[in-house]
Amino acid sequence: MRGKIRVLPSMPSVSASSSPVRLKFWGTRGSIAVPGPETLRYGGNTTCLELRADGEIIVLDAGSGIRPLGVALQKEFQQRPIKLSLLITHAHWDHIQGFPFFNPAYDPKNEIRIFGFDGAGATFREIMTEPMRSPFFPITMRELSAKMDINKLSEMKLSLGKVDVHAAFVNHPGVCAGYRIFTSGGSIAFLPDHEPYECFLHAARGKQLSPKQAKEIAAAQHAALVQFLRGSDILVLDAQYTDQEYKTHVGWGHGSISSAVSLAFEAEVQTLLLFHHDPSHDDDMVDTMVKSARELVEKSGSLLEVAGAKQGSEILLEAKKIAAA
Ligand SMILES: [Zn+2]
Ligand SMILES: [Zn+2]
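Just so it is clear, the model here is predicted, and its values are computed rather than measured. (Residues numbered from 1 in each chain as written. Chains lettered and ligands numbered in written order. Predicted model: local features only at pLDDT ≥ 70, side-chain atom pairs only at ≥ 80, totals over all residues. Heavy atoms only, no water.)

Enquirer: So what about the pairing of strand 12 (residues 234–238)? Which residues, and what values?
Expert: Of all five residues that make up strand 12, five are buried, and the element is covered over most of its length. Side chains of strand 12 alternate between two faces, with Ile-234, Val-236 and Asp-238 and Leu-235 and Leu-237 buried alike. In this structure, strand 11 (residues 186–191) lies alongside strand 12, joined through four bridges in parallel fashion. Each bridged residue has a counterpart across the sheet, and for Ala-189 the counterpart in strand 12 is Leu-235. Considered for its hand, the β-α-β crossover made up of strand 11, helix 4 (residues 211–229) and strand 12 is right-handed. (Buried < 20%, exposed > 50% of the residue type's maximum accessible area, 1.4 Å probe, protein only. Helix = DSSP H or I, 4+ residues; strand = E, 2+ residues; numbered from the N terminus. Pairing = 2+ DSSP bridges. Right-handed = clockwise from strand over helix to strand, strands pointing away.)

This is how it looks when you write it as structure tokens:
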């Protein structure tokens, strides 16, 4: 299906011309939510980003951060309908568990279209609806009163109004996508969960591949990913582990500080946001990891900007400035 583009109409909720393109982080944590005094600055909620671009509201993943996003949208829109597109990277809990608590889904005037790929052993529809079935949750997806549209992706390119979205499969257990979103303010690549191909090839699991074959496939997949990311203005990337921690977490599906920085260098991105913070890392630990990433950049003489993604922070794409909320 490569090359085919799925074109979807705009869902204008916000003025396309007057608002700048902005990206807001509602959840930055990996694996499980960890609220508390030790995670106040980088945040305890799991993955959820909100992108306002060219008249569209695009939400990336539905971790626990989607709950406060829903509250904020309702406050902003009041009696006006909320129309948005939700892109899901994969079925792991930390990327979908907040959806049943997304209040706009319970209001008949709202329209929500959800996109994602079939998972390992489950269709995309099952991924979104099964966790809301009894006995796991008291209200089913069918009972939600908003106009819901669940779309299985089979194409690697789609357009949402004037915003183009490209997808790529990344290196993570099961099926996991990354997205690159092209807006009038620049492009944002979102790879919340990804392990460097050269360290562990998930696609080789259970297959009879020789080390040489696995190495060749890993190199080809890595090169394709670099091409996919090349020249991104913003790269939001899995950097869950320190380099030391990664040594004992090979095959867990996540990246390290040096692998994240090296992928950003190779793909010539402008700004790298370290993401999917480990639940056992407090704010000071994430500060230390950001510092070590910046040291790698300094040593290389590159102009790459690096920061740790912070819950509540916003990036205005025109200005390329990270503003605290
Ligand atoms: Zn995750
Ligand atoms: Zn995952």
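On we go from here.
Enquirer: Can you lay out the coordination of the zinc ion (ligand 1) for me, pointing to particular residues and giving the numbers?
Expert: Summarising the metal site, the zinc ion (ligand 1) is bound by the protein donors Asp-94 (OD), His-95 (NE2), Asp-193 (OD) and His-276 (NE2), whose distances to it range over 2.1 to 2.2 Å. Around the zinc ion (ligand 1), the four donor atoms are arranged such that angles at the metal cover 90 to 168 degrees; this shape is classified as irregular. Metal-to-metal, the separation of the zinc ion (ligand 1) and the zinc ion (ligand 2) is 3.5 Å; Asp-193 coordinates the two. Taken together, the residues Asp-94 in helix 2 (residues 93–96) and Asp-193 in the loop between strand 11 and helix 4 connect sequence positions 99 residues apart. By the burial criterion, Asp-94 is buried, and Asp-193 matches it. (Donors = N, O, S within 2.8 Å, 3.2 Å for Na, K, Ca; no water. Tetrahedral: all angles 85-135°; square planar, octahedral: opposite > 155°, others 65-115°.)

Enquirer: Run through the pattern of salt bridges, naming residues and quoting values.
Expert: What the rule picks out here adds up to 13 salt bridges. A salt bridge links Glu-130 to Arg-133; the shortest N-O distance between them is 2.9 Å. Overall, Glu-130 belongs to the partly exposed group, its relative accessible area being 34%. Put simply, Lys-212 and Glu-216 hold a salt bridge, and the shortest N to O gap is 3.1 Å. Within this pair, Lys-212 and its partner Glu-216 are both found in helix 4, separated by four residues, close to a single helical turn. (Salt bridge = Lys/Arg side-chain N within 4 Å of Asp/Glu carboxyl O.)

Enquirer: A description of the coordination of the zinc ion (ligand 2) should follow, citing residues and the corresponding values.
Expert: Within the protein, the zinc ion (ligand 2) binds to His-90 (NE2), His-92 (ND1), His-172 (NE2) and Asp-193 (OD); these donor distances fall in the range 2.1 to 2.6 Å. Coordination at the zinc ion (ligand 2) is irregular: its four donor atoms span angles of 87 to 171 degrees at the metal. If you list the donors of the zinc ion (ligand 2) from N- to C-terminus, the spacing comes out as H-x1-H-x79-H-x20-D. On the basis of relative accessibility, which here comes to 3%, the residue His-172 falls in the buried class.

Enquirer: Requested: an account of the packing of aromatic side chains, with residues and values cited.
Expert: The final tally for this structure, using the stated rule, is five aromatic pairs. Residues Phe-101 and Phe-137 carry aromatic rings whose centres are separated by 5.4 Å and whose planes lie at 80 degrees to one another, so their mutual orientation is edge-to-face. In this pair, Phe-101 sits in the loop between helix 2 and strand 6 (111–116) while Phe-137 sits in the loop between helix 3 (124–129) and strand 7 (147–152), placing the two residues 36 residues apart along the sequence. Classification of Phe-101 as partly exposed rests on a relative accessible area of 45%. Pairing Phe-117 with Phe-169 gives two aromatic rings, centres 4.8 Å apart and planes at 65 degrees, and the pair type is edge-to-face. Of this pair, Phe-117 sits in the loop between strand 6 and helix 3 while Phe-169 sits in strand 9 (residues 163–169), and the two are 52 residues apart along the sequence. Residue classification places Phe-117 among the buried positions, given a relative accessible area of 9%. Classification of Phe-169 as partly exposed rests on a relative accessible area of 40%. (Phe/Tyr/Trp six-rings, centres within 6.5 Å; stacked < 30°, edge-to-face > 60°.)

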